[in-house]
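Architecture at a glance
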Amino acid sequence: MQGNIIQWFPGHMAQTRRAIKENLGSVDIVFELLDARIPHSSRNPEIRALLGEKKTVVILNKEDLADPKTTSLWMERFAREGCGAVALDSKSGKGIQEVLSEAKKLLKDKIRRDRERGMTRPIRAMVVGIPNVGKSTLINRFAGSKKAQAENRPGVTKQKQWVKAGTELELLDMPGVLWPKFEDPATGEHLAMTGAIKDSILLSEEIACSLCGRLAAIAPEKLMARYKLTPTELDAEPYDIFCAIGRKRGLLIGGGEINEERCAAMLLEEFRSGKIGRITLEEP
């Protein structure tokens, strides 16, 4: 797949970069959400540059879809970099309290100074990340109600919004932001596979074929079990694996040809929802 196929940078994303820079001084800490399945590809290098030395809690969201052993390795790496790191399933709320605990740990000196001055106010956190990484779901978990619009597709949050989350936390929800050019083609593919880029602008069949190749390499047993593939069918080119899966599922059109559009949609949905298994595409 050509690296220049996947580029998606709507105008509001440039505005978001400016808003992050302009509002950074009004928050105490940043909650940087990453997709636990692709921690490297889902970490926007431009956001990192904007944040500078700002204290940050790295949140590996969607950890219920990722391989737990690999998630632990990623958390160790981020801890070595000086970030607080938490694995989170924002849909169920698992890990939510650890996020606040990490924030308090990183801000302990500031919290102590404020108390000595008789000041008590909520921690103010900016929530940043790529599209569809779960920012709004996280905020709604903290707030205990649907304060932020959340859907399982990229580009829903279009403007910043402050949300109160109890007495200890105020959250600044920023729209998801990608960056204009992916230096590594694998980054664009991983973002597409996990749903960070709108399917409507992609060649989904190509993304699904690439996914077949990746899963055959890193999770062959799970791929074989889900689609009842034989070792011979798995030991093939990605497109041939893709076609074998289509045949197993009966996704055919006239003449016995594979309905590539339906097969691609099925494969991507089943990977994204964890039906194939808990799989991480990147190691630290």
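What comes next is a walk through the structure. (Residues numbered from 1 in each chain as written. Predicted model: local features only at pLDDT ≥ 70, side-chain atom pairs only at ≥ 80, totals over all residues. Heavy atoms only, no water.)

1. Notes on the overall build of the chain
Across its full length, the chain carries twelve helices and six strands. Counting only residues that meet the buried cut, the chain has 51% of its 284 residues in that class. In the chain, the share of contacts with a sequence separation of at least 24, taken over all contacts with a separation of at least 6, comes to 69%. (Helix = DSSP H or I, 4+ residues; strand = E, 2+ residues; numbered from the N terminus. Buried < 20%, exposed > 50% of the residue type's maximum accessible area, 1.4 Å probe, protein only. Contact = heavy atoms within 4.5 Å.)

2. Comments concerning the side chain of Lys-135
By secondary structure assignment, the location of Lys-135 is in helix H6 (residues 135–143). For the buried Lys-135, which has no salt bridge, the nearest side chain bearing the opposite charge is Asp-173, at an N-O separation of 5.7 Å. A distance of 3.0 Å separates a polar side-chain atom of Lys-135 from the backbone oxygen of Ile-130. Look past the residues within four positions of Lys-135 in its chain and what remains in contact with it is Leu-33, Val-127, Val-128, Gly-129, Ile-130, Asp-173, Met-174, Pro-175 and Gly-176. (Lys, Arg positive; Asp, Glu negative; His and termini not counted. Salt bridge = Lys/Arg side-chain N within 4 Å of Asp/Glu carboxyl O. Polar contact = N/O pair within 3.5 Å; in protein donor to acceptor, adjacent residues only side chain to side chain.)

3. Focus on the layout of surface pockets
One number sums up the size of the second largest pocket: a volume of about 320 Å³. In terms of lining, the second largest pocket is formed by 14 residues, of which the most central are Ile-111, Arg-115, Arg-121, Pro-122 and Ile-123. Sorting elements by how many residues they give to the lining of the second largest pocket places helix H5 (residues 108–116) first, with four residues. Considered class by class, the residues forming the lining of the second largest pocket number five nonpolar, two polar and seven charged. (1 Å grid on protein atoms, 1.4 Å probe; cavity = no way out; pocket = protein on both sides within 12 Å on 5 of 7 lines; lining within 4 Å. Points joined across faces, edges and corners; volume = space filled by probe spheres on them. Nonpolar A, V, L, I, M, F, W, Y, C, P; charged D, E, K, R; others polar.)

4. Comments concerning the packing of aromatic side chains
Enumeration according to the criterion identifies three aromatic pairs in this entry. Where Phe-31 meets Phe-142, the ring centres are 6.4 Å apart and the plane angle is 25°; that geometry is what we call stacked. Here Phe-31, found in strand S1 (residues 29–35), pairs with Phe-142, found in helix H6; they are 111 residues apart in sequence, far enough to count as distant. For Phe-31, a relative accessible area of 0% gives the class buried. Note that Arg-124 overlies the ring of Trp-162, its terminal NZ or CZ placed 4.1 Å from the centroid. (Phe/Tyr/Trp six-rings, centres within 6.5 Å; stacked < 30°, edge-to-face > 60°. Lys NZ or Arg CZ within 6 Å of the ring centre and 35° of its normal.)

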